[in-house]
Amino acid sequence: MTQLKPIDNIPSTPGKFKSEKFSPYIHRFRFHSSLPKLTLWSFLFLAFILFFFFLSPPSSKPPTAESSRRNLQSTSWGGPVWERRVRSSARVRSRTGLTVFVTGAAGFVGTHVSIALKRRGDGILGLDNFNTYYDIGLKQSRKALLERAGVFVVEGDINDAALLRKLFDVVAFTHVMHLAAQAGVRYAMQNPSSYIHSNIAGFVNLLEVCKSANPPPAIVWASSSSVYGLNSKVPFSEKDRTDHPASLYAATKKADEAIAHVYNYVYGLSITGLRFFTVYGPWGRPDMAYFFFTRDILKRRLITIFEGPNHGDVARDFTYIDDIVKGCLAALDTAKKSTGRGGKKKGGAQLRIFNLGNTSPVPVSKLLSILEKLLKIKARKKVLPLPRNGDVQFTHANISLAYKELGYRPTTDLETGLKKFVKWYLSYYDPKKKSDS
């Protein structure tokens, strides 16, 4: 993939927002008004507030900055100009091109997949809610990168059914690449409801809109290697049981696989799930070990390395982003059409699940050693037992099915991939100029 130049953080431009006009009474109010008038207006104002207070439905929790942001986003779409941008971004540029709706488009994998599809002539429209799980500035920089490539990213939530229906009315999508999700294993212990909201409710909402489209699109979506949970047999195969999840995140992805089966069986939706194995590379997620190890090495911070029972290695099947992108595009290209029409099944539809990994697990301690070599800095580290916070001791993908059905063959070893990541990281954050990455 062509090396991408770093982008400065830019503000989001989800649409025009018109502030409410203030009442002229506010501007004309004078303190020399008579006391009776002041008392009258005060009484009316208080009555007005109490009226709406008692009419408003009770809230289970106070509004947060995130919920306020989503409420704003729900009113920032629509109109002729917005529709033209949507259609232009989704316009196919090649005779055999697909029209793909990419959710989570400003995410790590979503950005790379969207650009790869756009470059080969497919029509792409992105959707992202730009949540604050990690640095939103990085997401905005990815958005700027997508805009330069000609991909419009609509700012909105997959739970917004009205928005999704509008997008499907404006564009006849042939495929959906569903990558939006609440990511992270450990964060589920802090904010479990966000995983139910995004990973389960959001997925169902998207499938509901897809089944009602005419014709319904083929769907490719991101599951996770975490569904293998506490399995001890390696390498992990798609035929293995996945009923022992070690985290809520894994449980939501397992639930999604069951939900996908239902919508395939009942409504004839063509659905392909991809179990990603520890994806890394440029424009990656700051909550991933390779990312924050790099940051902490440069800042000379102490790094914690976990080990399994009896000092066993914690290992991951690290998979470079370019290899994952190839797998995603192959899944889209081989996806068959959905058979449903108007929410009714017309025949059997395709249902698939694939592992996308590198098949070469590497100890996390080795990952750290490679980063030390590339950064030319010795890390300060301590070793602790692996906690029960959702992490598992190892992952290892069996990719024989993906190779057979998709032609998937990863080609990037960990050191080569990390070299590309470090080059991007240093150019994007430039520690000589930025004191806080």
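Residues numbered from 1 in each chain as written. Predicted model: local features only at pLDDT ≥ 70, side-chain atom pairs only at ≥ 80, totals over all residues. Heavy atoms only, no water.

The subject of this paragraph is the overall build of the chain. The helix and strand inventory of the chain stands at 14 helices and 13 strands. Expressed as a percentage of the 437 residues in the chain, the buried residues total 50%. (Helix = DSSP H or I, 4+ residues; strand = E, 2+ residues; numbered from the N terminus. Buried < 20%, exposed > 50% of the residue type's maximum accessible area, 1.4 Å probe, protein only.)

What follows deals with the pattern of salt bridges. This structure, assessed with the given rule, holds 13 salt bridges. Residue D333 is joined to R120 by a salt bridge in which the shortest nitrogen-to-oxygen separation is 2.6 Å. Taken together, the residues span a long stretch of sequence, with D333 in helix α11 (residues 321-334) and R120 in the loop between α5 (108-119) and β2 (123-128) at a distance of 213 residues. Judged by its relative accessible area of 33%, R120 is partly exposed. (Salt bridge = Lys/Arg side-chain N within 4 Å of Asp/Glu carboxyl O.)

So, about the environment of E372. Considering the arrangement of structural elements, one finds E372 in helix α12 (residues 364-375). On the basis of relative accessibility, which here comes to 9%, the residue E372 falls in the buried class. Put simply, E372 and L298 are 74 residues apart on the chain and 9.5 Å apart in space, counted from C-alpha to C-alpha. Discounting residues that sit within four places of it in the chain, E372 has contacts with I297, I377, K378, A379 and K381. (Contact = heavy atoms within 4.5 Å.)

Let us look at unusual backbone geometry. Glycine aside, residues mostly have negative phi angles, and peptide bonds mostly take the trans form. Backbone torsion omega between N214 and P215 reads 0 degrees, so that peptide bond is classified as cis. Assignment of secondary structure puts P215 in the loop between α8 (192-212) and β5 (218-222). Here the residue pair V234 and P235 is connected by a cis peptide bond, since its omega of -5 degrees sits within 30 degrees of zero. Topologically, P235 is positioned in the loop between β5 and α9 (248-267). Although it is not a glycine, F130 sits at a positive phi angle of roughly 50 degrees. For F130, the location among the structural elements is in the loop between β2 and α6 (136-148).

Here we take up the sheet that holds strand β4 (residues 175-178). Ordered in space as β3-β2-β1-β4-β5-β6-β11, the 7 strands form an open sheet in which the pairing is parallel. Looking at strand neighbours, the two that pair on one side only are β3 (152-155) and β11 (351-356), the edges of this open sheet. Taking each pair of neighbouring strands and ignoring which way they run, the sheet shows an average axis angle of 20 degrees. Of the pairings in the sheet, the one linking strand β6 (residues 271-276) to β11 comprises 6 bridges and is parallel in character. Looking across to β11, one finds that R275 is bridged to N355. (Pairing = 2+ DSSP bridges. Axes fitted to C-alpha atoms, helices over the stretch in contact; angles between N-to-C directions.)

Within the largest apolar cluster, 75 residues are counted, with the highest numbers of intra-cluster contacts made by M177 and F276. The residues touching F276, leaving out its near neighbours within four places in the chain, are V109, L179, A222, S223, S224, S225, I324, C328 and L356. If you look at the next biggest cluster of nonpolar residues, it comprises 31 residues, including F101, F168, V170 and V171. (Core = buried A, V, L, I, M, F, W, Y, C linked by side-chain atoms within 4.5 Å.)

What follows concerns the packing of aromatic side chains. As enumerated under the stated definition, the model contains 32 aromatic pairs in all. Seen from their ring centres, F421 and Y425 are 5.8 Å apart, and the 55 degrees between their planes marks the pair as tilted. Within this pair, F421 and its partner Y425 are both found in helix α14 (residues 414-429), separated by 4 residues, close to a single helical turn. A relative accessible area of 1% means that Y425 is categorised as buried. Measuring from centroid to centroid gives 6.1 Å for W424 and Y429, while their planes differ by 85 degrees, and the two rings are edge-to-face. For W424, a relative accessible area of 0% corresponds to the buried category. A cation over an aromatic ring shows up here: K139 above the ring of Y134, its NZ or CZ 4.5 Å from the ring centre. When the ring centre of Y267 is taken as reference, the NZ or CZ atom of K211 above it lies at 4.7 Å. (Phe/Tyr/Trp six-rings, centres within 6.5 Å; stacked < 30°, edge-to-face > 60°. Lys NZ or Arg CZ within 6 Å of the ring centre and 35° of its normal.)

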